[in-house]
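# Working through the structure, step by step
What follows is each chain in one-letter form.
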Amino acid sequence: MPEPEHAPEADPQAQVGALSAIALRALNTAIAQRRMYPPEHPIASRALTLLAFYLERILALAEEWRVAVVGGKLMAGGRPIDEGAESFAPFLDSLKARGIETIAFKRGVDIEELRRFISLMILDSKWFAGTTLQSMIGKEGIRSIEAGRLVLGDTGEAERNRAVIDETGPE
């Protein structure tokens, strides 16, 4: 009897794109829950665990997963987040207040790094006067998460668009 044919694996980039909106919601929820509850509270802990779960799935497919703000538009995994974008307004405001245009989660990020990162994300933006989130991340010993500004330089429109795609991934 012949073996059944298996459906080809979906394109990893397409899988990352499909998971990106869910992971971004999980990130937003983890930050929001942590603002209301201490890290050991079951609700905050569950939100963090869910974020770690989605990041683990994404990072099994890609070396890094990037969230970026490009031209006021939120992108995750190289794709614009349109559906439910209004629910991310507080998250976008939080990023702007900290001077953050991009966050990269790299393969190997663990739940403890995520917990420390979320704790930095809930700090009042006044804590960032004279310093950057990336330097605070370094002081916390977080090696698998980077945050900062998109660096596009003084380039032509085509080169600038290419730099954005390089930074955020293909659409």
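This text follows the structure it describes.
Note that the structure is a prediction, hence the values are computed from the model and not measured.

Core analysis: the largest hydrophobic core is formed by 42 residues, its most contacted members being Leu24, Leu27, Trp65, Phe105, Leu114 and Phe117. Dropping the residues within four chain positions of it, Leu24 is found in contact with Trp65, Val67, Leu74, Ala76, Ile81, Phe88 and Phe91.

Quick look at the environment of Val69 now. As for its position among the elements, Val69 is in strand β1 (residues 64-70). Residue classification places Val69 among the buried positions, given a relative accessible area of 12%. Apart from the residues within four sequence positions on either side, Val69 is in contact with Leu74, Leu92, Leu95, Glu101 and Leu150.

Take helix α3 (residues 89-97) next. Among the residues of α3, those classed as buried are Phe91, Leu92, Ser94 and Leu95. Taken around the axis of α3, the buried residues stretch over an arc of 160 degrees, which confines them to a single face. Opposite the packed face of α3, turned more than 90 degrees from it, sit the exposed residues Pro90 and Lys96. Next to the buried residues of α3 lie α1 (12-36), β1, β2 (73-76), β4 (102-106) and α4 (111-121). Within two residues after α3, Gly99 carries a phi angle of roughly 70 degrees, on the positive side.

This part covers the packing of aromatic side chains. Within this structure, the stated rule accounts for three aromatic pairs. For the pair Phe105 and Phe117, a centre-to-centre distance of 5.7 Å together with 85 degrees between the ring planes defines the contact as edge-to-face. Here Phe105 is found in strand β4, whereas its partner Phe117 is found in helix α4, with twelve residues between them in sequence. Taken as a pair, Phe105 and Phe117 share a single burial class, namely buried. Here a set of aromatic residues connected by ring pairs shows up, and it is made of Trp65, Phe105 and Phe117.

Moving on to the pairing of β2. Pairing geometry for β1 and β2, over four bridges, is antiparallel. Counted as the bridge partner of Val69 is Leu74 from β2. Between the end of β1 and the start of β2, which pair antiparallel, lie two residues, with Gly71 showing a positive phi angle near 60 degrees. Judged from the two bridges that link them, β2 and strand β3 (residues 79-80) form a sheet pairing that is antiparallel.

Moving on: the side chain of Arg66. The residue Arg66 is located in strand β1 in this model. Classification of Arg66 as buried rests on a relative accessible area of 13%.

What counts, and at which threshold
Residues numbered from 1 in each chain as written. Predicted model: local features only at pLDDT ≥ 70, side-chain atom pairs only at ≥ 80, totals over all residues. Heavy atoms only, no water. Core = buried A, V, L, I, M, F, W, Y, C linked by side-chain atoms within 4.5 Å. Buried < 20%, exposed > 50% of the residue type's maximum accessible area, 1.4 Å probe, protein only. Contact = heavy atoms within 4.5 Å. Helix = DSSP H or I, 4+ residues; strand = E, 2+ residues; numbered from the N terminus. Arc of directions from axis to C-beta. Phe/Tyr/Trp six-rings, centres within 6.5 Å; stacked < 30°, edge-to-face > 60°. Pairing = 2+ DSSP bridges.

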